Amino acid sequence: MEQTLPWVVRELPPPGSLDLWLLRVSDVPLGILDEQVLDATERQRAAGLMHAADRTRFTAAHVALRRLLGSYLSLRPEDVHLGRDTCPCCGGPHGRPTVLDAEERLFFSLSHRGDLAVVGTAAAPIGVDVELVGDEEGTAELASMLHVDEQAELAALSPAERPRALARLWTRKEAYLKGLGTGLGRDPALDYVGSGRPEGPYPPSGWTLLDVPVDRGYAAAVAVRGELSVEGPFVKRLSGLDVVRHAHDALRTAGAPP
């Protein structure tokens, strides 16, 4: 395997801050994703996805994650060994994702949906989530899984307002649960993070919870343990060229006539 180095070396986010990265999958040149940096488990998961678009999104998101983590930790992307912490719910080996055997601790979270992938990094536990805004018909079942007060807030809205409000609320909820390290192993009805209104979420004690500005038709949120000492969130966009094998191949592909 070719020994590739991170395309840039980054400083770890200091305490009280976080970094957020956004990748638009449709910006990635087709056919030259840097799949060689993925481990066997990631390749197997990608191969098991039925639709080509899902495989591309998964691969692009995980290549971006590895390159980002490698740039923070001064590791080649293929040398980033990913594992899981202990689950806070059951004690099993499927808690928050972590980098194994790293000299410095870096907390991170990845979410991808539709055309977007979001990565968050911090010096404290962090969770990110991005979702497509659904339609009116799809809100009832998902809303029934939420805290009773959140359900009441959504019910008070007009049917046309509910999909956007639900997407905001759900991303806040899932970002928090990912930050805890439980994911949906913890009942989403237990914690109140409302409301679904644009004014902002209600963070659980000891956490900062923020909406993340992303593309139209999506909602996203980030949760990080503790208080932030910097304003935000500020989202840095990754180029499609950041997840391909060779920059000159990507440029040639991107510049080719349709």
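Each remark here, short or long, concerns the structure printed above.
All of these numbers come straight from a predicted model, not from anything done at the bench.

Considering the overall build of the chain
The secondary structure content of the chain amounts to six helices and nine strands. Taken over the C-alpha trace, the chain has a radius of gyration of 19 Å; the compact-globule value for 258 residues is 18 Å, and the two agree within 12%. Each principal axis of the C-alpha atoms in the chain carries an extent, and together these give about 55 × 45 × 35 Å. The long-range fraction of contacts in the chain, counting pairs at least 24 apart against all pairs at least 6 apart in sequence, stands at 63%. As displayed, the chain has an accessible area near 12,900 Å², and 52% of this comes from carbon and sulfur atoms. In the chain, the 27 positive side-chain charges and the 36 negative ones have mean positions that sit 2 Å from each other.

Quick notes on the environment of alanine 175
Looking at the secondary structure, you find alanine 175 in helix α5 (residues 162-180). Once the C-alpha coordinates of alanine 175 and valine 222 are considered, the two residues, 47 residues apart in sequence, prove to be 5.5 Å apart.

As for the packing of helix α1 (residues 40-47) against helix α2 (residues 52-73)
Where α1 contacts α2, the axes come no closer than 9 Å and their chain directions differ by 160 degrees. What the angle tells us is that α1 and α2 run roughly antiparallel. α1 and α2 meet at a crossing whose hand is right-handed. Of the residues in α2, those in contact with Glu42, Arg45, Ala46 and Ala47 of α1 are Arg55, Phe58, Thr59, His62 and Arg66. In terms of residue class, the contact of α1 with α2 is made up of three nonpolar, two polar and four charged.

Notes on the sheet that holds strand β7 (residues 207-211)
The three strands lie next to each other as β6-β8-β7, forming an open sheet whose pairing is antiparallel. Every other strand in the sheet has two partners, leaving β6 (126-132) and β7 as the edge strands with one partner each. Direction aside, the axes of adjacent strands within the sheet are offset by 15 degrees on average. Alignment of β7 against strand β8 (residues 218-225), held across five bridges, turns out to be antiparallel. Paired with aspartate 211 across the strands is alanine 221, a residue of β8. With respect to the sheet, α5 is in contact with β6, β7 and β8, its orientation differing from that of β6 by roughly 150 degrees.

Observations concerning the state of the cysteines
Per the counting criterion, the structure on display carries zero disulfides. Cysteine cysteine 87 shares no disulfide, and the gap to the nearest cysteine sulfur, in cysteine 90, comes to 3.9 Å.

Quick word on the nonpolar core
In a soluble, globular protein the nonpolar side chains are often hidden away together inside. One finds Leu23, Val28, Leu69 and Val243 to be the most contacted residues of the largest nonpolar core, which totals 27 residues. Those elements that provide at least two residues to this core are β1 (18-24), α2, β4 (107-113) and β5 (116-122). When residues of this core are assigned to their parent elements, the largest contribution, nine residues, is made by α2. With near-sequence residues (within four places) excluded, leucine 23 lies in contact with Val28, Ala60, Ala64, Asp115, Leu116, Ala117, Leu238, Ser239, Gly240 and Val243. Judged by nonpolar contacts, the second largest core, of 17 residues, contains Leu157, Leu180, Val193 and Leu209.

A few points about the sheet that holds β1
The strand order across the open sheet formed by four strands is β4-β5-β1-β9, and the pairing between neighbours is mixed. Each of the sheet's edge strands pairs with one partner strand only, and the pair in question is β4 and β9 (235-238). If you compare each strand with its neighbour and ignore which way they point, the axes differ by 20 degrees on average. Note: β1 against β5, seven bridges, orientation antiparallel. Bridge assignment links leucine 22 to a residue of β5, and that residue is valine 118.

Things to note about the packing of aromatic side chains
For the coordinates displayed, the defined rule picks out two aromatic pairs. Aromatic pair tyrosine 176 and tryptophan 207: ring centres 5.4 Å apart, planes at 90 degrees, arrangement edge-to-face. One end of the pair, tyrosine 176, is in helix α5; the other, tryptophan 207, is in strand β7, and 31 residues separate them in sequence. Ring centres 5.8 Å apart and planes at 50 degrees place the aromatic pair tyrosine 192 and tyrosine 202 in the tilted group. Residue tyrosine 192 is located in the loop between α5 and β7, and its partner tyrosine 202 is located in the loop between α5 and β7; the two are separated by 10 residues in the primary sequence.

Conventions adopted
Residues numbered from 1 in each chain as written. Predicted model: local features only at pLDDT ≥ 70, side-chain atom pairs only at ≥ 80, totals over all residues. Heavy atoms only, no water. Helix = DSSP H or I, 4+ residues; strand = E, 2+ residues; numbered from the N terminus. Rg over C-alpha atoms; globule rule 2.2 N^0.38 Å. Contact = heavy atoms within 4.5 Å. Areas by Shrake-Rupley, 256 points an atom, 1.4 Å probe, with all protein chains shown as cover. Lys, Arg positive; Asp, Glu negative; His and termini not counted. Charge placed at Lys NZ, Arg CZ, Asp CG, Glu CD. Axes fitted to C-alpha atoms, helices over the stretch in contact; angles between N-to-C directions. Parallel < 35°, antiparallel > 145°, perpendicular 65-115°, else oblique. Left-handed = near helix turned anticlockwise from the far one by under 90°. Nonpolar A, V, L, I, M, F, W, Y, C, P; charged D, E, K, R; others polar. Pairing = 2+ DSSP bridges. Disulfide = S-S within 2.5 Å. Core = buried A, V, L, I, M, F, W, Y, C linked by side-chain atoms within 4.5 Å. Buried < 20%, exposed > 50% of the residue type's maximum accessible area, 1.4 Å probe, protein only. Phe/Tyr/Trp six-rings, centres within 6.5 Å; stacked < 30°, edge-to-face > 60°.

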